[in-house]
Every structure is written in C-alpha cells, then in structure tokens.
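# A look at the structure
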Amino acid sequence: MMVDKRRPRPSGQPGPAEVRLYGFQPPVGTPYGLEVRTIEEFFAQHDDWPWNPPRPGRADFHYLILVTEGELAHDVDYVTQTVAPGQWLWVRPGHAQCWHPPGSARGPFILFEPDVLRPDLARLLAPLTAHEAPAVLSPHREDAAWLQQTALQLLDEHRALGRRPLDVHHALRRSLLESLLLRLANSPGVAPAGPATAGSGPADRYGRFLDALELHFRELHQAAGYAELLGCSVRTLSRAARDATGKGVRELIDERRLLEARRLLGAARWDARTVAVHLGFSDPANFGRFFRDRTGLTPAAYAAGAT
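Keep in mind that what you see is a predicted model, and the values were worked out from it rather than measured.

## Overview of the side chain of Thr 129
With respect to the helices, strands and loops of the structure, Thr 129 is situated in helix H3 (residues 126–129). The exposure class of Thr 129 is buried, given its relative accessible area of 18%. When sequence neighbours within four positions are dropped, the list of residues in contact with Thr 129 reads His 62, Trp 90 and Arg 92.

## Considering the side chain of Arg 58
Assignment of secondary structure puts Arg 58 in strand S4 (residues 57–59). In terms of polar contacts, Arg 58 uses its side chain to reach the backbone carbonyl oxygen of Leu 215, at 2.9 Å. Once you skip the residues sitting within four places of it in the chain, Arg 58 turns out to touch Val 19, Arg 20, Leu 21, Tyr 22, Gly 94, His 95, Ala 96, Glu 214, Leu 215 and Arg 218.

## Some details on helix H11 (residues 284–295)
Along its 12 residues, H11 runs 16 Å from first to last C-alpha, staying within 8% of the 16 Å computed at 1.5 Å per residue. All of the buried residues along H11 are Phe 287, Gly 288, Phe 290 and Phe 291. Seen from one end, H11 has its buried residues packed into an arc of 165 degrees, which puts them on one side. As for H11, its buried residues are in contact with helix H9 (249–265), helix H10 (272–278) and helix H12 (299–305). For H11, the capping residue at the N-terminal end is Asp 283, with a side-chain oxygen 2.8 Å from the backbone nitrogen of Ala 285. Just downstream of H11 lies Gly 296, where phi reads positive at about 80 degrees.

## A short note on the sheet that holds strand S5 (residues 62–66)
Reading across the sheet, the 5 strands line up as S3-S10-S5-S8-S11 and stay open at both edges, with antiparallel pairing between neighbours. Each of the sheet's edge strands pairs with one partner strand only, and the pair in question is strand S3 (34–38) and strand S11 (136–137). Both strand S8 (residues 88–91) and S11 contribute to a ladder of 2 bridges, which runs antiparallel. The partner of Leu 89 across the bridge, within S11, is Val 136.

## Comments concerning the confidence of the model for the chain
When the pLDDT values of the chain are averaged, the result is 87; 87% of them are 70 or greater. Confidence over residues 6–15 falls short of pLDDT 50; this stretch has 12 contacts with residues more than four positions distant or in other chains. Overall, residues 196–200 carries pLDDT values under 50, and its contacts beyond four positions in sequence, including any with other chains, amount to 8 contacts.

## Quick notes on the packing of H9 against H11
One way to put it is that H9 packs onto H11 with a least axis distance of 11 Å and a crossing angle of 100 degrees. The orientation of H9 with respect to H11, classified from their angle, is roughly perpendicular. The segment H9 lies against H11, with Asp 254, Arg 257, Leu 258, Ala 261, Arg 262 and Leu 265 engaging Phe 287, Phe 290, Phe 291, Arg 294 and Thr 295. Split into classes, the residues belonging to the contact of H9 with H11 amount to 6 nonpolar, 1 polar and 4 charged.

## Some thoughts on the pairing of strand S6 (residues 72–76)
Among the 5 residues of S6, 4 are classified as buried, and the element is accordingly described as predominantly covered. Summarising the sheet, S6 and strand S7 (residues 79–83) pair through 5 bridges and their orientation is antiparallel. Pairing of Leu 72 across the sheet is with Val 83, part of S7. Hairpin connection between S6 and S7: a loop of 2 residues separates the two successive antiparallel strands, and Asp 77 in this loop has a positive phi of roughly 50 degrees. Here S6 runs beside strand S9 (residues 97–99); their pairing, made up of 3 bridges, is antiparallel. When the sheet's bridge partners are listed, Val 76 is paired in S9 with Gln 97.

## As for the pairing of S8
A two-sided burial pattern is seen for S8, the buried positions comprising Trp 88 and Trp 90 on one face and Leu 89 and Val 91 on the other. With 4 bridges connecting them, S5 and S8 associate as antiparallel partners. Paired with Leu 64 across the strands is Trp 90, a residue of S8.

## Quick look at the pattern of salt bridges
Counted according to the given criterion, the structure contains 14 salt bridges. Residues Glu 157 and Arg 164 are paired through a salt bridge, measuring 2.7 Å at the closest nitrogen-oxygen approach. In this structure, the salt-bridge partner of Glu 260 is Arg 256, at a minimum N-O distance of 3.2 Å. Of the two residues, Glu 260 and Arg 256 both sit in helix H9, 4 residues apart, roughly one turn of that helix. Each of the two residues, Glu 260 as well as Arg 256, counts as buried. Linked by salt bridges that have partners in common, Asp 77, Glu 214, Arg 218, Arg 256, Glu 260 and Arg 263 make up one network.

What counts and how
- For every chain, the first residue of its written sequence is number 1, and the numbers climb from 1 along that sequence.
- Since the coordinates come from a predicted model, pLDDT governs what is reported: local features require at least 70, and pairs of side-chain atoms require 80 or more to be given and counted, while whole-chain, interface and lining totals use all residues.
- Excluded from the side-chain calculations are hydrogens and water; all other atoms, namely the structure's heavy atoms, are used.
- We count a stretch as a helix when DSSP gives it H or I for four or more residues in a row; a strand needs E for two or more, and each element gets its number in order from the N terminus.
- Only protein chains enter the accessibility calculation, which uses a 1.4 Å probe. A residue is then buried if its area is under 20% of the maximum for its type, exposed if over 50%, and partly exposed in between.
- Only heavy atoms matter for contacts: two residues are in contact if any of them lie within 4.5 Å across the pair.
- Here a polar contact means two N or O atoms within 3.5 Å. Within protein one must be a hydrogen donor candidate and the other an acceptor candidate, and residues neighboring in sequence count only if both atoms are side-chain atoms.
- Take the number of residues in a helix, subtract one, and multiply by 1.5 Å to get its expected span.
- Each direction from the helix axis to a C-beta atom contributes to the arc, which is the arc of those directions.
- Note on pairing: two strands pair once DSSP finds at least 2 bridges between them.
- pLDDT measures how confident the predictor is about each residue, on a scale from 0 to 100.
- Helix axes are fitted to C-alpha atoms over the stretch in contact, other axes to C-alpha atoms as well, and angles between N-to-C directions run from 0 to 180 degrees.
- Should an angle lie under 35 degrees it is considered roughly parallel, over 145 roughly antiparallel, and from 65 to 115 roughly perpendicular; all remaining angles are considered oblique.
- In the scheme used here, Gly and all other residues not listed as nonpolar or charged are polar, with Ala, Val, Leu, Ile, Met, Phe, Trp, Tyr, Cys and Pro taken as nonpolar and Asp, Glu, Lys and Arg as charged.
- Just to be clear on terms, a salt bridge is a Lys or Arg side-chain nitrogen sitting within 4 Å of an Asp or Glu carboxyl oxygen.

Set out below in structure tokens:
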C-alpha cells in the first residue's frame, strides 16, 4: 500500500524528528493510483504497524475514511481528531499523521493519488483537496446517506477486479470517486470554489507549488529547488506566487516552516533542538533567530505559553 520515500538524513539523527514520507504502492494487480478497503481490513493487515508503537508519518497521497460504526482517533498535523459515525477523516498529501491503536471503528477507507482526478475536476475540487481544508468533514444530512452508499459502491467495484474489462473497471472506480468528492465538497467548512481554482496557467502552477511545498518544506528552503521540481524558472514560479498571494516564494516557504514549528512546539511538545533538526536548520541557534524574528518570542517562551 505504501513505500518509504524518505531522503537520507545527514549524520542519521533519528528519534522524534524523523517523520517518514510514504509513497503510494497498491497491492499487485490493483490498477492505477486508487485503492479501496475497509478500516478493519487495514488494521488486520497491519497489526504491528504503524501504531505499535504509534509514530508519525506522511504520505504523498490522500487518505479518505468514512466512519460508519464506532469511533476513530487519528492525529493530523499533531492534533488528535476524533471521528464519529457519519463523519469523514481526510488526511491530505504531506500532512503529518499518527495512527492510534485499533478501536471499534468501521467503514470504507479510500486511498488515492492526486493524479487520479482529471485536471478539470481537480481544479473544481481544489478547495476540498487543499492542505488547509478541514481534516474532519460532517456532510449535510441530506448528503450523508448518498455519500455512504457511493463509498460502498466504490468499495464493491474495487473488489470486482476481473469482473469486467480493466479500462471499464477503472473508469467506474474513478467516476464513483469523483462523484463522491463532488458531493463531499458541499460539506460545511469547505470553502466554495473561486476564480483562483478556475484554472489558468499561473494558478495551476501555484497549486502545484503548494503541493510540492507541503511535501518538501522540511528539506527544500530555496525557490530554485521548487522551480526545478516543477520544471519552470524561478522567475516564472515567483510570478505565479505573487499573482496568487502577493508574496514571494521564499516568504511562503518560511511561513510553512513557521507553521510547522508552532505545531511541534505547541501541540506536539517537541523541544527546540528537535524541531530545528526536523525543519532542516543547521543548528538550534539559527532556528531560534528564525522563530524569534517572526513571532517576537523564543521557541522556549512560545512552548511555555502553549501549555
């Protein structure tokens, strides 16, 4: 289901700063970047991982879980989310997550790569797939039963591999997934699609930059690194960022690193030295200056105030 995609760490400093990045690797015979199973199947097939002991990880694909029975606890970006029946948990690419021990939760568990969605649908669904969208979704009452039925149909079709031609099988799976996501986008708390998601070239490039930033802000800290990943010039990337936000690429990178530092010092209770290593600073003093310049507080003072 997933493969470790970590980059080697200099001098191999393990411990709490190590958050593994996993790529999508479906079972043999499963076509394309979409897999559907149940929560209980996942727990049964991974009885010794990744919750024994619990440890954080990241993925470059989407986790989408509907709870139909019981209750599911799951950490998303170092905050414990409790998902009740009828609610959906969405862990988006790059989010730090940590599983809790198996409980009584039941329901469909959908994993998919961003490229499964057609480009026009991906733009339309941008507010739902955005990194800042809610981790727990509570659909409107009139949508809830339809969403559950569609998720179960998707599970059934996924299990029907070999029952019909492969291209038809995949087209049905993708169609069911896209229908489900379009209805789920109507959930309270999800921002409506606006002009920025309508799909111009610069907007698309900025969206791809955000995806890359979420996956690589710990090790890539310069605009040139992201321009190389996206296959464009630094000037082109900078223009796309300024058109979308009014900010430069480096400022956006620093904002994302600062957000992660706040999460780790606050909710996760990491110490400043460990956070510095995790975010790629050459030494804790450099991290301290970075944090103080942007917040007016030392990391220790911020952590003390977050208790």
